Amino acid sequence: MASSTGILDKFKETQEEVKEVKSDRKLKVAIIGCGWIAEAHVKSYIKCPDVEIVAAADLIPGKAEAFFDGLGFDTEKLRFYPSHKELLDTEELDAVSVCTYNATHAECTIYALEKGVNVLLEKPMCVTLQEAIEICRAEKKSGKVLSIGFQPRFDENMKMIKKIVQSGELGEVYYIQTGGGRRRGIPTPFGTSFIEKETAGLGALGDIGCYSLDVVMNAVGYPKPLTVTGYKSDFFGKSPKYSNKPEYVDIFGVDDFAAGFVRLEGGIILDFRIAWAMHMDTPGDSLIFGKEGGLRIPSTDCWNGSVGGPMKIYHDVAGEQVETTIPILNNGGKDLFDMKIRSFLDAVITGSPSPVPSSQIIYNQAILDGIARSAELGKEIEIEIPEI
Ligand SMILES: NC(=O)c1ccc[n+]([C@@H]2O[C@H](COP(=O)([O-])OP(=O)(O)OC[C@H]3O[C@@H](n4cnc5c(N)ncnc54)[C@H](O)[C@@H]3O)[C@@H](O)[C@H]2O)c1
């Protein structure tokens, strides 16, 4: 089999950059939900000279205060609230980060938008498609910026996947296999909010499934999902033998594995599987099949949403079957989380479109919701999304 040189030059155009926008005024920002991921938000906001964190809320008494104290803040200078509601009723804010568990994403985001506050919402967008529709309606009514927290979008390797597809090198895409998995990786870092139905709503499907869908859906331009056949199971989370925390077996209320077969507008088939735990190293690489070429995106063993090795394009050049290897790209020392926060702030300051818009992520949520509902019903379902 021959190998091609020069083909990589096609993808060497300038990468999309996150540019810093200058502003004379400090943006007033608050954090809703002071758990694990809130720390990454705060650390990125601190690096922005045009941001002042003024307030925070958490349902657990004293948690927000302890969180900011632990990060070295002078807590006398901040205001703390027992929920998103009191915070948004009281404060005059430019923006909030919604860092709550999935089940309260919708209520916090909708309330903030209704109060005229720009929102950076953690992933997944929410739990159900209906919630996503309501979020989009509130966003439209408010005219504010809503960005969803998909930091892998800013990774040069992820951008390369999109550039390859959009360059036409693969021709018309007709089939996609995506997903990822961990042999053992049910997340219980600081408690049970990822595994309880009441707080997480969705398990592996929502937590890491949303990322793997975004990689390929973003690359092919987020076509509308039409029908879904879904499957989900909880064999590891519910097993005293295989659960990483046997004391959590009784409260495990979500999926630890999910799979789906999705028909997308434009005739593309999406074959998806995601696992927090399984008797396997990986459920396979992500593959994009086009009429002129195929792209292999290697998976990582303990799947974390990144590209697991050099990608390969399989195509014919001058009648020869050729493989072009795309070396792993680095991000020039830039932190993906910093870029996610900065891109949101810049959209707020300039009034430019959201960097990770709900108009795309609603389709991501529709697939997650479709897989969950189809699995519960035991049959294929049609996805219906009304005009927003
Ligand atoms: N982008 C990433 O890399 C990444 C990584 C981890 C988690 N996340 C996402 O971030 C979200 C939070 O995850 P986590 O691990 O920080 O969870 P967590 O359980 O550690 O923290 C969530 C906090 O939100 C608080 N909360 C819930 N509803 C609230 C409300 N209405 N008002 C105020 N506080 C409220 C809870 O009391 C809790 O302290 C999840 O949706 C998760 O998927 C994203």
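Residues numbered from 1 in each chain as written. Predicted model: local features only at pLDDT ≥ 70, side-chain atom pairs only at ≥ 80, totals over all residues.

1. What about the overall build of the protein?
Helix and strand counts for the protein stand at 11 helices and 16 strands. Taking the principal axes of its C-alpha atoms as reference, the protein extends roughly 70 × 50 × 40 Å. Classification of the 388 residues of the protein by burial places 48% in the buried group. Excluding contacts between residues fewer than 6 apart, the proportion of contacts in the protein whose partners are at least 24 apart in sequence is 74%. (Helix = DSSP H or I, 4+ residues; strand = E, 2+ residues; numbered from the N terminus. Buried ≥ 20, exposed ≤ 12 C-beta atoms within 10 Å, placed from the backbone. Contact = placed C-beta atoms within 7 Å.)

2. A few points about the site of the ligand
The immediate surroundings of the ligand are formed by 27 residues, with Gly33, Gly35, Trp36, Thr100 and Ser193 found nearest. Looking at the shell around the ligand, its residues break down into 12 nonpolar, 10 polar and five charged. Each of domain 1 (27–152 + 338–356) and domain 2 (154–330 + 364–382) accounts for three or more of the residues forming the shell around the ligand. (Near = placed C-beta within 6 Å. Nonpolar A, V, L, I, M, F, W, Y, C, P; charged D, E, K, R; others polar. Domains from an automatic or database assignment.)

3. Observations concerning the nonpolar core
The biggest cluster of nonpolar side chains holds 114 residues, and the ones touching the most others in it are Ile31, Ile32, Ala56, Val96 and Val119. The dominant element in this core, judged by the number of residues it contributes, is helix H11 (residues 358–377), at nine residues. Residues from two domains meet in this core; each of domain 1 (27–152 + 338–356) and domain 2 (154–330 + 364–382) gives at least three. (Core = buried A, V, L, I, M, F, W, Y, C linked by C-beta atoms within 7 Å.)

4. Quick notes on the packing of helix H6 (residues 156–167) against helix H9 (residues 209–219)
Packing of H6 against H9 leaves a shortest axis separation of 8 Å and a crossing angle of 35°. In terms of crossing hand, the pair formed by H6 and H9 is right-handed. In this structure, H6 uses Met158, Ile161, Lys162 and Val165 to contact H9, whose residues at the interface are Val215, Asn218 and Ala219. Split by residue class, the contact of H6 with H9 holds five nonpolar, one polar and one charged. (Axes fitted to C-alpha atoms, helices over the stretch in contact; angles between N-to-C directions. Left-handed = near helix turned anticlockwise from the far one by under 90°.)

5. Side note on the domain arrangement of the protein
By a widely used convention, the size of an interface equals the accessible area lost when the partners come together. As assigned here, the protein comprises domain 1 (27–152 + 338–356) and domain 2 (154–330 + 364–382). Relative to domain 2, the C-alpha centre of domain 1 lies at a distance of 27 Å. Facing 18 residues of domain 1, the contacting portion of domain 2 comprises 22 residues. Among the elements of the structure, helix H5 (129–142) and helix H10 (336–350) are those that each provide at least two residues to the side of domain 1 that touches domain 2.

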